[in-house]
Amino acid sequence: MSSAHRFATQAIHAGAAPDPATGARATPIYFTNGFVFDSTEQAADIFAMRRTGFSYSRGSNPTVAALERRVAALEGAKAAVAVSSGQSAVLLVLMTLMRSGEAYVASPRLFGGSLGLMRRLDGRYDLKPQFAAGLDPADFEAAITPETRAIVCESIVNPCATVVDIAGIAEVARRHGLPLVVDSTLASPALIRPIEHGADIVIHSTSKFLGGSGQTIGGMICDAGRFDWTRPGRYNLLNEPWPDYDGLVVTERFPDFPFAVACRLFGLRDLGPGLSPMNAFLTLTGIETLPLRMARHCANARAVAAHLKDHPAVEWVSYPGLPGQPGEELANRYVPQGPGSIFTFALKGGEPAALRFIAALELVSHLVNIGEIKSLAIHPATTTHRQLRPEERAAAMVGPETVRLSIGLENVEDILADIDQALAQAA
Ligand SMILES: *Cc1c(COP(=O)(O)O)cnc(C)c1O
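Residues numbered from 1 in each chain as written. Predicted model: local features only at pLDDT ≥ 70, side-chain atom pairs only at ≥ 80, totals over all residues. Heavy atoms only, no water.

Student: How do you make sense of empty space enclosed by the protein when you look at a structure like this?
Tutor: In this approach, a probe sized like a water molecule rolls over the atoms, and the result shows the empty space that is left. Per the stated rule, a full pass over the model turns up three cavities of 30 Å³ or more. The calculated volume of the largest cavity comes to roughly 50 Å³. If you trace the largest cavity, you find it lined by V90, L110, S114, M118, V152, C153, E154, V181, D183 and I203. Sort the elements by how many residues they give to the lining of the largest cavity and strand β4 (residues 148-154) lands first, with three residues. Size it by volume and the second largest cavity reaches roughly 40 Å³. Surrounding the second largest cavity, S207, G211, G212, S213, G214, Q215, T216, L282 and T283 form its lining. Residues of the lining of the second largest cavity, tallied by class, amount to one nonpolar, eight polar and no charged. (1 Å grid on protein atoms, 1.4 Å probe; cavity = no way out; pocket = protein on both sides within 12 Å on 5 of 7 lines; lining within 4 Å. Points joined across faces, edges and corners; volume = space filled by probe spheres on them. Helix = DSSP H or I, 4+ residues; strand = E, 2+ residues; numbered from the N terminus. Nonpolar A, V, L, I, M, F, W, Y, C, P; charged D, E, K, R; others polar.)

Student: Just checking my understanding: could you explain the side chain of D45 for this structure?
Tutor: Note that D45 resides in helix α2 (residues 40-47). In contact with D45, other than residues within four places in its own chain, are R50 and R51. (Contact = heavy atoms within 4.5 Å.)

Student: So what exactly am I meant to see when it comes to the layout of surface pockets here?
Tutor: Here the largest pocket is characterised by a volume of approximately 880 Å³. The wall of the largest pocket is formed by 33 residues, among which T52, S60, E68, F257 and R264 lie closest to the centre. If you list the elements that add at least two residues to the lining of the largest pocket, you get α2, α3 (62-75), β1 (79-83) and α11 (258-271). For the lining of the largest pocket, the element with the highest residue contribution is α3, accounting for six residues.

Student: Got a minute to help me understand the site of the ligand in this structure?
Tutor: Residues in contact with the ligand amount to 15 residues; listed here are only the nearest, Q87, D183, S205, S207 and K208. Q87 places a polar main-chain atom, nitrogen or oxygen, 2.9 Å from an oxygen atom of the ligand. Alone, the ligand offers 380 Å² of accessible surface; in the complex the protein occludes 91% of this. When atoms are counted within 2 Å of each cavity's grid points, the one that captures over half of the ligand is the second largest pocket. Looking at the shell around the ligand, its residues break down into four nonpolar, eight polar and three charged. (Near = heavy atom within 4 Å. Polar contact = N/O pair within 3.5 Å; in protein donor to acceptor, adjacent residues only side chain to side chain. Areas by Shrake-Rupley, 256 points an atom, 1.4 Å probe, with all protein chains shown as cover. Sits in = over half its atoms within 2 Å of the grid points.)

Student: How should the environment of S406 be read in this particular structure?
Tutor: Relative to the helices and strands, S406 resides in strand β12 (residues 402-406). When the C-alpha atoms of S406 and F131 are compared, they prove to be 27 Å apart, with 275 residues separating the residues in sequence. Beyond its immediate sequence surroundings of up to four residues, S406 is in contact with S341, I342, I370, G371, E372, K374, S375 and L376. Only 2.9 Å separates the side chain of S406 from the backbone nitrogen of G371, close enough to count as a polar contact.

Student: Help me understand the sheet that holds strand β7 (residues 219-223), please; the structure alone is not making it clear to me.
Tutor: Paired through backbone hydrogen bonds, the strands of a sheet run either parallel or antiparallel to each other. The sheet built from seven strands is open, its strands ordered β1-β7-β6-β5-β4-β2-β3 with mixed pairing. What marks the edges here is a single partner per strand, and that holds for β1 and β3 (128-131). Put simply, the sheet's adjacent strands are angled 25° from each other on average, direction ignored. Where strand β2 (residues 103-106) lies against β4, three bridges are found, and the strand directions are parallel. Residue A106 lies in a different strand from β4, and its bridge partner there is V152. Those strands touched by helix α4 (residues 86-97) are β1, β2, β4, β5 (180-183), β6 (201-205) and β7, and its axis lies near 155° from that of β6. Running over the sheet, helix α7 (residues 166-175) touches β4 and β5 and is turned about 155° from β5. (Pairing = 2+ DSSP bridges. Axes fitted to C-alpha atoms, helices over the stretch in contact; angles between N-to-C directions.)

Student: Quick question: what am I supposed to make of unusual backbone geometry here?
Tutor: For the bond from N158 to P159, the omega torsion is 10°, close enough to zero to count as cis. You can see P159 is positioned in the loop between β4 and α7. The phi angle at D126 is positive, at roughly 60°, despite the residue not being glycine. Unlike most non-glycine residues, D246 shows phi in positive territory, near 55°.

Encoded structure:
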């Protein structure tokens, strides 16, 4: 499969070919835990990482591998590792990068689940988040200390749609010899490819736009293969011998994508959150229509955001794709199509009006996913961001008056009509 093909072609073809055994055109779902070895030598070689091959589906599976190749191709990564959820993807990246006592600079505006995970890992495992004071590259730089091992941000922030200056933060990371990790779930590779802007590791929750239909939970870790992991005293899973693998040094044996290999060995073989082949198949199918869906998601979201901005019951809208919004310049630079379809707005009537609005919606579903073809709404302060401290909620721009929308692919007139009737009932 030629990497010269353009994006929509790769979304349909990259990483998969007609099944050599049967000619099946769709990627078969390999529902098997184990794979028969050719010989005892081959079995030993695969276990020692002296040769590649399938052995047990916790670590790799042909259907899952096709999905990994496809997402890697779309992101411009050297390799990718599929995991059982976006949450697992964030966990495995942090655990593979660091050991206890080490730290990472994190964006103050992150998905609530990531903030909660970071706080728990700090308390129980001494992996320390160092939150930047703001979203400017200089804010990230100011938070770096000698213990810092990575910088972590989102490309488009869940839930407020803020577009982050990835290239500016990547420049800071490069100056300090740190890898940049970007959770790009809200952009999908159709809107932003963070590796093109200098990211070293890209994370996805495939439960959102990549799967697209809200049917499966999954995650992905993409390795750009560019970062130099050899600095002694840090990144020891990558640059020090693994005694139980005959002294394997991951950066030496796998110089093209060592981070992905370390995630697979430690993250999947040891920790275990592999992706089911059924979920990989559904996600592969979803990705085939990703570029088409993202164009419509952006167009519908822009229309809804513009409508809300002019509505008398609405206090503010956070959608930097509209003229005059904070962050407009970054949004136009990174995502000319529009900053996705997840954004927040606030009602003049505060929390009671926000809750009444959500209860009054009929077409738009009240549920906690985002990035699927159906339009969705939630009240983050009492749900997704509930476990956070008030100051963390404020930093994430989630107040009691805030509603999060994820605009789907219905006819936009029908979405607007439902929102208008719910606003009328909420007033
Ligand atoms: C949903 C989400 C996650 C977590 O993914 P799950 O698949 O729900 O575990 C991580 N990061 C972001 C930005 C998300 O939106």
